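Okay, here's what each chain looks like letter by letter:
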Amino acid sequence: MLLATGFLPTSETVKEPGRVKILDFSPLPLAVLIVPMLLLGFGWGLPVGLIDGEALAAVRPAAAGAAAGVLNFARLGSETLAVAGFTAALSSLLVGATGDTALAYSAAAGGPGAAAPYADTFRLLMVILAVVTTAISVWVMLLQRAQHRAASRIDELAVEQA
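Only a predicted model underlies this, so the values are computations on that prediction, with no experimental measurement involved.

Q: Could you give me a rundown of the overall build of the protein, with the residues and numbers involved?
A: The helix and strand tally for the protein stands at 5 helices and 2 strands. Within the protein, the proportion of its 162 residues that are buried is 15%. Nonlocal contacts in the protein, meaning residues at least 24 apart in sequence, comprise 39% of its contacts between residues at least 6 apart. Entry remark: accessible area of the protein is about 11,600 Å², with carbon and sulfur atoms responsible for 71%.

Put into structure tokens, the structure is as follows:
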């Protein structure tokens, strides 16, 4: 998984645990990278088709094309906003970590010169995103439970009235 996402543990990581090379696959043969990349691709791609299918099944067949367009627009638009937000947060935190706006923006764009602050900032953002994702997952689970309880209560009332 680390390889497929662009993180390569190296001997530098052991010496300094906060350091990770990003997108430096030169010491590895390409065959080693294929399996993690395929797993990531299938892991992201397969559910999207299932989710689209379920969402479009709830729409009249005559409106399926328009619904697919709205669905894709919403998905791609939200991804664009997420990437923009992540980049803005990364850049802002890097400016604070380095104290040099030009260096921070260069590092955020992939330039050299601020590897340690970049790694620390990136790690912090990953933790924040993991917490936000977990919180949203718990919230959705609680909403689904509440909906299920309400549906069960409606069914009980219908049986009592019958």
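Having seen it, we continue.
Q: I'd like to hear about the pattern of salt bridges, residue by residue, with values.
A: Opposite charge on two side chains permits them to pair, given that their charged atoms come into close proximity. In this structure the tally under the stated criterion is 3 salt bridges. Arginine 75 is the salt-bridge partner of aspartate 52, the closest N and O atoms lying 2.4 Å from each other. Of the two residues, aspartate 52 is situated in helix 2 (residues 30-57) and arginine 75 in helix 3 (residues 64-98); the sequence distance between them amounts to 23 residues. Owing to a relative accessible area of 24%, arginine 75 belongs among the partly exposed residues under this scheme. For arginine 153, the salt bridge goes to glutamate 156, with nearest N and O atoms at 3.3 Å. Of this pair, arginine 153 and glutamate 156 both sit in helix 5 (residues 115-161), 3 residues apart, roughly one helical turn.

Q: Run through a nonpolar patch on the surface, naming residues and quoting values.
A: Taken together, the side chains of Leu93, Leu124, Ile128, Val132, Ile136, Trp139, Val140 and Leu143 present a nonpolar region at the surface, about 700 Å² in accessible area. Here leucine 143 shows up in helix 5. Residue leucine 143 is classed as partly exposed on the basis of its relative accessible area of 44%.

Q: Could you give an account of the packing of helix 3 against helix 5, with specific residues and numbers?
A: Where helix 3 meets helix 5, the closest approach of the two axes is 9 Å, and the angle between their N-to-C directions is 135 degrees. Judged by the inter-axis angle, helix 3 sits oblique to helix 5. Read as a crossing pair, helix 3 and helix 5 show a hand that is right-handed. Only Pro117, Tyr118, Thr121, Phe122, Leu124, Leu125, Met126 and Leu129 of helix 5 make contact with helix 3, whose side of the interface consists of Phe86, Ala89, Leu90, Leu93, Leu94, Ala97 and Thr98. The residue inventory of the contact of helix 3 with helix 5, partitioned by class, reads 13 nonpolar, 2 polar and no charged.

Cut-off values and rules
- Residues numbered from 1 in each chain as written.
- Predicted model: local features only at pLDDT ≥ 70, side-chain atom pairs only at ≥ 80, totals over all residues.
- Heavy atoms only, no water.
- Helix = DSSP H or I, 4+ residues; strand = E, 2+ residues; numbered from the N terminus.
- Buried < 20%, exposed > 50% of the residue type's maximum accessible area, 1.4 Å probe, protein only.
- Contact = heavy atoms within 4.5 Å.
- Areas by Shrake-Rupley, 256 points an atom, 1.4 Å probe, with all protein chains shown as cover.
- Salt bridge = Lys/Arg side-chain N within 4 Å of Asp/Glu carboxyl O.
- Patch = residues over 30% accessible without salt bridge, like charges linked within 9 Å, V, L, I, M, F, W, Y side chains within 5 Å.
- Axes fitted to C-alpha atoms, helices over the stretch in contact; angles between N-to-C directions.
- Parallel < 35°, antiparallel > 145°, perpendicular 65-115°, else oblique.
- Left-handed = near helix turned anticlockwise from the far one by under 90°.
- Nonpolar A, V, L, I, M, F, W, Y, C, P; charged D, E, K, R; others polar.

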